[in-house]
Structure formats: structure tokens, C-alpha cells
Amino acid sequence: DNPVARKPDWIRVKAPTSREYQDTKKVVRNNKLHTVCEEAGCPNIGECWAKGHATMMIMGETCTRACSFCNVSTGKPEALDPFEPARVGDAVAQLGLQHVVITSVDRDDLDDGGAEHFARVIRAIRHQAPGTTIEVLTPDFLRKDNALETVVAAKPDVFNHNLETVPRLYIPVRPGARYYASLRLLDRVKELDPTMFTKSGIMAGLGETKEEILQVMDDLRSARVDFLTIGQYLQPTRKHHPVDRFVPPDEFKTYEKRAFNKGFLMVSASPLTRSSYHAGEDFERLRAA
Ligand code: SF4
Ligand code: SF4
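Here we summarise the structure given alongside this text. Note that the coordinates shown come from a computational prediction; the quantities given were computed from them, not determined experimentally.

Focus: the sheet that holds strand β1 (residues 34-35)
And then number 1: Read across the sheet, 8 strands follow the order β1-β2-β5-β6-β7-β8-β9-β10 without closing on themselves; strand pairing throughout is mixed. Of all strands in the sheet, those bounded by a partner on one side alone are β1 and β10 (266-269).
And then number 2: Pairing between strand β2 (residues 56-58) and strand β5 (residues 99-104): 3 bridges, direction parallel. By the bridge assignment, I58 is partnered in β5 with S104.
And then number 3: Across the sheet, helix α8 (residues 179-192) lies against β7 (158-160) and β8 (197-204), angled at about 165° from β8, the strand it touches most.

In C-alpha cells, the structure reads:
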């Protein structure tokens, strides 16, 4: 029984081949950056990178957490690279992006969880690519006083933090994280800056029920979260959390409708939706509306 090998038709995507994909790869390599697109083996990489949409993963490629859905290795991370913010800024300028998503590994080893490094990256992008809107997808900063405040003060356009799954599955899926702490983090962003857009996402197919997904939507709306993403969980390797089921495209459509009815401003729910999938297009559409 190998769920990795049995993907339904609606999950299969073409291998990346375009020249534009290669150009994006060059910018990432030349600036010695890591991307979640590669680390996660994201199925959308051909499509996204053809448009220059690479999601940078800052603060190294070793994480202090061990989420059971995630392919990033766990261990003692390397020291922060003080030149990384400038390289990220350069890469964003070279890619000519309208919108960029910046994420990171979790850095429980650092006193501020890496918040100041996030702020430096935001400032470097503002400096080197002033026209680019910035979305941060942050760790939960659990037990890191004032970390969230530091990131919010740097004024990203969108503050994203993923709940990843329903509360019942936190222990097997997201050990080390706390559902209500993550929810509270999102609510606190709105408290600090009511004009900042907030965003969160979950994966479907980890073993949750439909009712639990709808309850997460209500929880997110009560934390005043603006944008929602829901995508199919794919098992990176056989050692990772098993796929419970492949959610059919129609069911995602239903989630999308229900989410808009609950008041989210932007919703992306489809098998291939990822936290950063079409993030720029969706944000531009919203700003134009
Ligand atoms: Fe990268 Fe996100 Fe696109 Fe996947 S969906 S390739 S992670 S930008
Ligand atoms: Fe992966 Fe993020 Fe969990 Fe680290 S905190 S294991 S990078 S999902």
C-alpha cells in the first residue's frame, strides 16, 4: 500500500521544462537561496517558476521542529547568515516580482525565533525592490516574547501563518505547535495592525473530517483572518504521515464556497493549492477590486 504512487489524475502535473523555469533556477542558485518549492517537492514548481514565483525559505534548511507532513530535515540549525537579507532582496529585484512570499524553517534555538532576521529581509526587499508586495509565512514564535511584534513592525503586506490541520490532529501532524497559540498569533497581528492582511491555510487529506474543516474556518474568522488556502496533502516520502484520502476537486469547490460565505476576502481551495500558490495574482486582484 503506497499512497505516494497512487495519485489521482487531478494531482499529476507536467515536469518543469521551460526556459523561464531555468532562469528562475539560476537566480535562486546564484543568490545561494533555498526555496520551499524545492524543499517540499511542490508539484506546482514548473508553473510557478515559469513566472518567476519562487518562495524563498530563509534561515537555513534545517528546522528545529519535526512536523510529520514536512520534508525539511530536523536538527540543530546553522548560524544565521547576515548577508542573506541582501541576497533575498537582490533575487526579488532580479526576478522582477510584483509579489513575493518569504517563509522560513522554525528556529526555536534563537532567542527571538528569527523575528529580527525576518524584519531584515522585509527591509532589504523594500530597499532593493520597492514595487514588490511582500507576504511573510512565519513560524508560530511559540514562547518568543515580542517576536511577532518585530515582524509586524517591519510592515509586510500580508502576514501568513498556517494552521496546517485541524486541532485533533496536532499531536500526530504538528507536534511542538499548539492550535490555539497559532490562532492567537493571527488574531494578535490584527490587534497590532488592523490594516495588515492576514492569511492561513490547512491541508486536506490528513485524516480530518469535513465538519472539522468548517470549524477551522469559523475559528479563523473569529481570529479575523482575511485569506484562506486549502490544498491536498501529499506524502513526501513513505516515512511521512500517510495520505488518508484524496479529496475530490468538487469537495474543494464546496469548501471554497463555504469559506467565502463565512467572510474570507480571498479563498483558494483546490487539490494543488499551496500556501503560496497564485498568492501574487490573488492579492493583486483583491487590491484592484
Ligand atoms: Fe513554490 Fe508555492 Fe509555487 Fe509550490 S505553489 S512552486 S511552493 S510558489
Ligand atoms: Fe517543516 Fe515548518 Fe514543521 Fe519545520 S516547522 S518541520 S519547516 S512545517
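Focus on the packing of α8 against helix α9 (residues 210-222)
And then number 1: Where α8 contacts α9, the two axes come as close as 9 Å, and the packing angle between them is 40°. Between α8 and α9, the angle falls in the class oblique. From α8, Y179, Y180, L183, L186 and D187 reach across to α9, where they touch V216, D219, L220 and S222.
And then number 2: A per-class count over the contact of α8 with α9 returns 6 nonpolar, 1 polar and 2 charged.

Considerations on the site of ligand 1
And then number 1: Lining the immediate surroundings of ligand 1 are V36, C37, C42, N44, I45, C48, H53, T55, R274, S276 and Y277.
And then number 2: Looking at the shell around ligand 1, the elements with two or more residues in it are α2 (36-39) and α3 (45-50).

Side note on the layout of surface pockets
And then number 1: Empty space within the second largest pocket amounts to approximately 230 Å³.
And then number 2: If you go around the second largest pocket, you meet 14 residues; those closest to its centre are D140, F141, K144, L148 and L185.
And then number 3: Breaking the lining of the second largest pocket down by element, the ones donating at least two residues are α6 (147-153) and α8.
And then number 4: In terms of residue count, α8 provides more of the lining of the second largest pocket than any other element does, 4 residues in total.
And then number 5: Considered class by class, the residues forming the lining of the second largest pocket number 6 nonpolar, 1 polar and 7 charged.

A word on the nonpolar core
And then number 1: Counting residues in hydrophobic clusters, the biggest one holds 43 residues, and the most contacted among them are V88, I102, I125 and F159.
And then number 2: Discounting residues that sit within four places of it in the chain, F159 has contacts with V136, T138, L148, V151, V152, L185, L186, V189, M196, F197, T198 and K199.
And then number 3: L169, I202, V216 and L234 belong to the second largest nonpolar core, which has 35 residues in total.

Topic: empty space enclosed by the protein
And then number 1: For the structure shown, the criterion picks out 1 cavity of 30 Å³ or more.
And then number 2: One number sums up the size of the largest cavity: a volume of about 30 Å³.
And then number 3: If you trace the largest cavity, you find it lined by D106, R107, D108, G113, P139, F141, L142 and K144.

With respect to the pairing of strand β9 (residues 227-232)
And then number 1: Within β9, 6 of the 6 residues are buried, which leaves the element mostly enclosed by the surrounding structure.
And then number 2: Here β9 shows no split at all, with F227, T229 and G231 on one side and L228, I230 and Q232 on the other all buried.
And then number 3: Relative to β9, β8 is paired through 6 bridges, and the arrangement is parallel. Among the inter-strand pairings, S200 is bridged to a residue of β9, identified as L228.
And then number 4: Handedness of the crossover joining β8 and β9 through α9 is recorded here as right-handed.
And then number 5: Direction of pairing for β9 relative to β10: parallel, over a ladder of 4 bridges. Directly across from F227, in β10, lies its bridge partner M266.

Analysis parameters
- Residues numbered from 1 in each chain as written.
- Chains lettered and ligands numbered in written order.
- Predicted model: local features only at pLDDT ≥ 70, side-chain atom pairs only at ≥ 80, totals over all residues.
- Heavy atoms only, no water.
- Pairing = 2+ DSSP bridges.
- Helix = DSSP H or I, 4+ residues; strand = E, 2+ residues; numbered from the N terminus.
- Contact = heavy atoms within 4.5 Å.
- Axes fitted to C-alpha atoms, helices over the stretch in contact; angles between N-to-C directions.
- Parallel < 35°, antiparallel > 145°, perpendicular 65-115°, else oblique.
- Nonpolar A, V, L, I, M, F, W, Y, C, P; charged D, E, K, R; others polar.
- Near = heavy atom within 4 Å.
- 1 Å grid on protein atoms, 1.4 Å probe; cavity = no way out; pocket = protein on both sides within 12 Å on 5 of 7 lines; lining within 4 Å.
- Points joined across faces, edges and corners; volume = space filled by probe spheres on them.
- Core = buried A, V, L, I, M, F, W, Y, C linked by side-chain atoms within 4.5 Å.
- Buried < 20%, exposed > 50% of the residue type's maximum accessible area, 1.4 Å probe, protein only.
- Right-handed = clockwise from strand over helix to strand, strands pointing away.

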